[in-house]
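Structural features, examined
So the chains spell out like this:
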Amino acid sequence: MGHKEFRLFDDNFMSKVFEDNCEGVELLLHIIMNMPELKVIRARTQYSIKNLLGRSIRLDIDAVDAVGKKYNIEVQRGDKGAGIKRARYNSSVIDANALLPGSDVDDLPETYVIFITENDVLGEDKPIYHIERVIQETGQNFNDEEHIIYVNGTYRGDTPLGKLMHDFSCKNPDDMYYKVLADCTRYYKEDEKGVDAMCRIMEELIDSEKREIVLRMLADGKLSCEKIAEYAGISIEVVNDLKNEL
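These notes cover the structure that comes with them. (Residues numbered from 1 in each chain as written. Predicted model: local features only at pLDDT ≥ 70, side-chain atom pairs only at ≥ 80, totals over all residues. Heavy atoms only, no water.)

1. A look at the packing of aromatic side chains
Stated precisely, the cut-off is as follows: When two rings of Phe, Tyr or Trp (its six-membered ring) have centres within 6.5 Å they constitute a pair, described as stacked for plane angles under 30 degrees, edge-to-face for angles over 60, and tilted for the intermediate range. Strands here are runs of E lasting at least two residues and helices are runs of H or I lasting at least four, both read from the DSSP assignment and numbered beginning at the N terminus. Burial status follows relative accessibility: with a 1.4 Å probe on protein chains alone, a residue under 20% of its type maximum counts as buried, one over 50% as exposed, and anything between as partly exposed. Placement of a charge over a ring requires the Lys NZ or Arg CZ to be within 6 Å of the ring centre, with the centre-to-atom vector within 35 degrees of the ring normal.
Under the definition given, this model contains 6 aromatic pairs. Relative to phenylalanine 168, the ring of phenylalanine 18 has its centre 6.4 Å away and its plane inclined at 20°; by these criteria the two rings are stacked. Note that phenylalanine 18 is positioned in the loop between helix 1 (11-17) and helix 2 (22-33) and phenylalanine 168 in helix 4 (residues 160-168), a separation of 150 residues in sequence. For the residue pair phenylalanine 18 and phenylalanine 168, the accessibility class agrees, reading buried in each case. Their ring planes at 20° and their centres at 5.2 Å tell us that phenylalanine 115 and tyrosine 150 sit as a pair that is stacked. Of this pair, phenylalanine 115 sits in strand 4 (residues 111-117) while tyrosine 150 sits in strand 6 (residues 146-152), and the two are 35 residues apart along the sequence. Each member of the pair, phenylalanine 115 as well as tyrosine 150, is classed as buried. Through pairs of rings, three or more aromatic residues link up here, namely Phe9, Phe18 and Phe168. Over the aromatic face of tyrosine 47 sits the side chain of arginine 44, whose NZ or CZ is 3.5 Å from the ring centroid. For the cation-ring pair, lysine 189 lies above phenylalanine 13, with the distance from its terminal atom to the ring centre recorded as 5.6 Å.

2. Side note on the pattern of salt bridges
Heads up, the condition is: Salt bridges are defined by distance alone: a side-chain nitrogen of Lys or Arg within 4 Å of a carboxyl oxygen of Asp or Glu.
One pass over the structure, following the stated rule, counts 18 salt bridges. Note that arginine 7 is salt-bridged to aspartate 10, the shortest N-O span being 3.8 Å. Overall, arginine 7 belongs to the buried group, its relative accessible area being 9%. By relative accessible area, aspartate 10 is classed as buried at 4%.

Remember that the coordinates give geometry; whether it matters functionally is a separate question.
Now the structure itself:
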């Protein structure tokens, strides 16, 4: 895929566009949360955190607003990467890493795990889905301040959300509605420095794809680490390091 073909639904490109871009992340949250006054004070992309057993997850976008609420925004082309239990897992790991030793659980921040998916993963033809815990006997919200949101990337209504999903699928920055997204997209597609940066990203993408193939072979368990290293053209040390991630 050439750099001109990248869209915001493409993981590596999206990460670069929103890297150190609080204004862009703020735009996403203004529209998705329907809160134009929301102020993002920190945003970082491809942020890794570990659970208590040492297994890592990498958050596409990790953000905090001015009142301490935490947001994990995941952009997913494939349905599998936005599964229901993936949302649950992300939320639990964020909670587990939110408190310092000795802190009271009542100090847990309010959290939002937001999936922006290219397809309508939940399949009910809604623009957006809000998932909350409910007390079944009363119908009342449990109010644990843990929220999960799915945004349907196929939605194209004449609304801010519909325009945002259009921009996520758009290859040409001139066709985008939102200037902050168009300007960043144009930089990485047309500016010499931006294009150079994307060329490096494309090289990293090839390495990333090889990494995923090696992880699948390790999980399959049919080949020795030595054979996997031979077939993938990498060192046995690298294979052993990847094995430790499983």
